[in-house]
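What follows is each chain in one-letter form.
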Amino acid sequence: MTNIKNSLFIVLFLCSCFSAIANEECQSCHQQQTLDWKQSDHANSMALANKDTVLGDFNNITATHFSQKAVFYKEKEAFLIDLTEQGTKKTYTVSYVFGFDPLQQYLIEVEKGKYQVFPFAWDSRAKSLGGQRWYANYANEDVKPNDRLHWLQPLQNWNGMCADCHSDNLKRNFNSEKESFDTHFSNINVGCKSCHSEITDEHKTKKVTKSAQTSPTNMSQWKIIGDDTIATWQGEPRDNSFMQGCYACHSLRSPLTDGFDNSQAFLDQFSPSFLEPNLYHADGQIKEEVYVFGSFAQSKMYKAGVNCIDCHDKHTMKVKTKTNGLCLQCHSASEYNKPEHHRHKEQSTGAQCVSCHMPTNRYMGVDDRRDHSFKIPRPDISIKYDTPNACVQCHDGQTNEWAASTLEKWHGKAPALSASEHSMLELRSLKAISQNAHMSLINDFSLNEIDRASAIAYLGNSGAELNDATVKSWVNSPLPLIRLAIAKVGYLLPEAERLKSYKQLLTDKLKSVRVAAAQNLSQTTAQLSGLNQSIIELAHANTVNTWRGEGNINQSLLALNKQDINGAIKSLQKGISVDPYFDASYVNLADIYYRLGQTAKMQSTLNSGLKAVPTSASLQYANGMALIRSGNKPAAVDSFKRAMTLESSNVQYAYLYFLALDSIGSTAQAVSELKLKIGAYNNAPQLKNLGMSFAQKLKNPEDYHFFARLK
């Protein structure tokens, strides 16, 4: 054991030395930049675990959380943790520290080259703020070994989930066949090469002048003209392309390459998430951990040309000032920095611009992050769409109605929403809107790019069938997110329509667009320009992500499109092996066996899935469908009911449950329960029609009129 530990220490020490060398060539000339960088979170993103870097208390401290018990202690130079789970104690050695403020996490090598994030983190905030303590990463959950969120599962894996954004020039190097990592980086933390391209020999020999160190921002070109109250850019058109390097890490995205190169376009290396309802609130404010890009891209700041380092120092990455002076760089103090505007006591927290326009959400237990969409508080929208707003976030115990009334007294009635804004809120609240309204929203050029692109992505939920005339302008849009969105939902086009203008996305200048289009065209037998190359790029993107279930699912879908059934089965089996609690792998594999007529394998796969993930709504639903086909309708009713209970917002699960009740002669029970539950599904038309049909069957006019009156 000692030899293993010593070997590990030597490897890590060498990595650390190489890390220093990797940055040294920059630091020798750029000394001030280096000093600034050392103050940044980037410089402290990852480090070897030693007495200088470990912040947590390892003085025989015990932390407990539901069924887990951890004891943190030191032995000579090593930082050790005894973790007891399910009655079994194991000892782990901390290899790396991860981050430092407001929390620090710890990486454990569980297999050669494979590192997992330990389930307890150190709260590094001051004791007066509640810090200086160990806490569980999932405060309200007892995450057991058979949970996908368990610390030994892929979603807590450093190599795949975290590594590329915490170290320079990182390559995961996952071997799908061996299910192993051989991850390498050139610098242990986020140093020069994460943001700057490779240094050329020519640059090394040049004398560094003041002009060579000029920032890509120049705040002097933001000027308030005449009676304006907000500055506009008065210089040459800005080149904010450097922000694509920021987006590589500060976005929720799927990688298309193994590691990234800051000199390449963001959308050549990643496919970002749109404004999905599970990630963002209906008005676009952040809900889950989305890392800024999707939030900032909605903002008026972004549209005006503001960039990251207008507000953040380019090397410390800290905001230039924590006062209103940050915003007053562009916003007139005489208009905005006065009580008549902010309506709070001067110098108070409420008088700070960010308190109202950049409210925080807490992630990872202690990490408060600001919304970067810079929205004006709209409690009137909160009343209708249950969105958050800064007013009631600060004023505990007050209501949205109070906030709306107060703002109206101060600033007058809130501006009416445009038809597109109303449609967007309805859409993101998962409410049905007409196809005309949906198309008008997508084609409203007054809206920003990400809102329109997200509306295209929502077409996937509507089941709408598109045609070439509808999508042609999107395919040819100069806006990359518009092209990416239509590329992703190309399956809504009948195959013949896909072979019209849509096919040109296969040769789009951006890889994310080409890859998405290839997924929807990979089954065609037509000879299309760029198809083979795009499929190769798609297969590579899938392979990069086969360390988790999603990558294997995508690889199986590609295999199916190419009529490679065995390849699809192999990919799904591999997905189950590396990510055994990812339910979609079982569902898709069972479906393949069903289509092959191999019902025994289908049921065996579903049984395995239900044993691994008994709380999966999709598995319960799939099992209900299998039971229906086999003629066991009473058992199917139970499965559909479990699915409906587990995912109460899914209309299809509810529909099949009530239909199954009817099939076993329990139509009256179906009507009774449907009357109670249909409101929770926003009176979905398919449930309304089902209720009317059942009422007719029972010859009950009262129940028929109940459903008929619903809107």
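Residues numbered from 1 in each chain as written. Predicted model: local features only at pLDDT ≥ 70, side-chain atom pairs only at ≥ 80, totals over all residues. Heavy atoms only, no water.

(A) Examining the pairing of strand β17 (residues 367-370) more closely. Here four bridges tie strand β16 (residues 360-363) to β17, and the two strands are oriented antiparallel to one another. By the bridge assignment, asparagine 361 is partnered in β17 with arginine 369. Connecting the antiparallel pair β16 and β17 is a turn made up of three residues, with methionine 364 showing a positive phi of about 55 degrees. (Pairing = 2+ DSSP bridges. Helix = DSSP H or I, 4+ residues; strand = E, 2+ residues; numbered from the N terminus.)

(B) Here's a closer look at the confidence of the model for the protein chain. For the protein chain, mean pLDDT is 93; residues scoring 70 or higher make up 94% of the total. Across residues 1-22 the pLDDT falls below 50, and counting only partners more than four positions away or on other chains, this stretch makes 21 contacts in the model. Throughout residues 208-214 the model reports pLDDT below 50, and contacts reaching past four residues in sequence, or to other chains, amount to five contacts. (pLDDT = per-residue confidence, 0-100. Contact = heavy atoms within 4.5 Å.)

(C) A look at the pattern of salt bridges. Per the counting criterion, the structure on display carries 24 salt bridges. For arginine 172, the salt bridge identified is with aspartate 164, shortest N-O distance 3.3 Å. Note on accessibility: arginine 172 and aspartate 164 belong to one class, buried. The partner of arginine 595 in a salt bridge is aspartate 591, with the nearest N and O atoms 2.8 Å apart. Linking arginine 595 with aspartate 591, this pair stays in helix α27 (residues 583-595), spanning four residues, or about one helical turn. On the accessibility criterion, arginine 595 (65% relative accessible area) is exposed. Counted as one network, the salt bridges with shared partners bring together Arg148, Arg548, Glu550 and Asp579. (Salt bridge = Lys/Arg side-chain N within 4 Å of Asp/Glu carboxyl O. Buried < 20%, exposed > 50% of the residue type's maximum accessible area, 1.4 Å probe, protein only.)

(D) Local environment of the pairing of strand β8 (residues 120-123). Judged by which residues are buried, β8 turns out to be covered on both faces: Phe120 and Trp122 on one side and Ala121 and Asp123 on the other are all buried. Where strand β6 (residues 103-111) lies against β8, two bridges are found, and the strand directions are antiparallel. From the neighbouring strand, glutamine 104 faces β8, where its bridge partner is tryptophan 122. As paired elements, β8 and strand β9 (residues 133-136) share four bridges and run antiparallel to each other. By the bridge assignment, tryptophan 122 is partnered in β9 with tryptophan 134.

(E) Local environment of the nonpolar core. Ranked by internal contacts, the top residues of the largest apolar core, which has 59 residues, are Ile456, Leu459, Leu466, Trp474, Leu481, Ile486 and Leu505. Ranked by size, the runner-up nonpolar core spans 28 residues in total, among them Phe640, Phe658, Leu674 and Tyr681. (Core = buried A, V, L, I, M, F, W, Y, C linked by side-chain atoms within 4.5 Å.)

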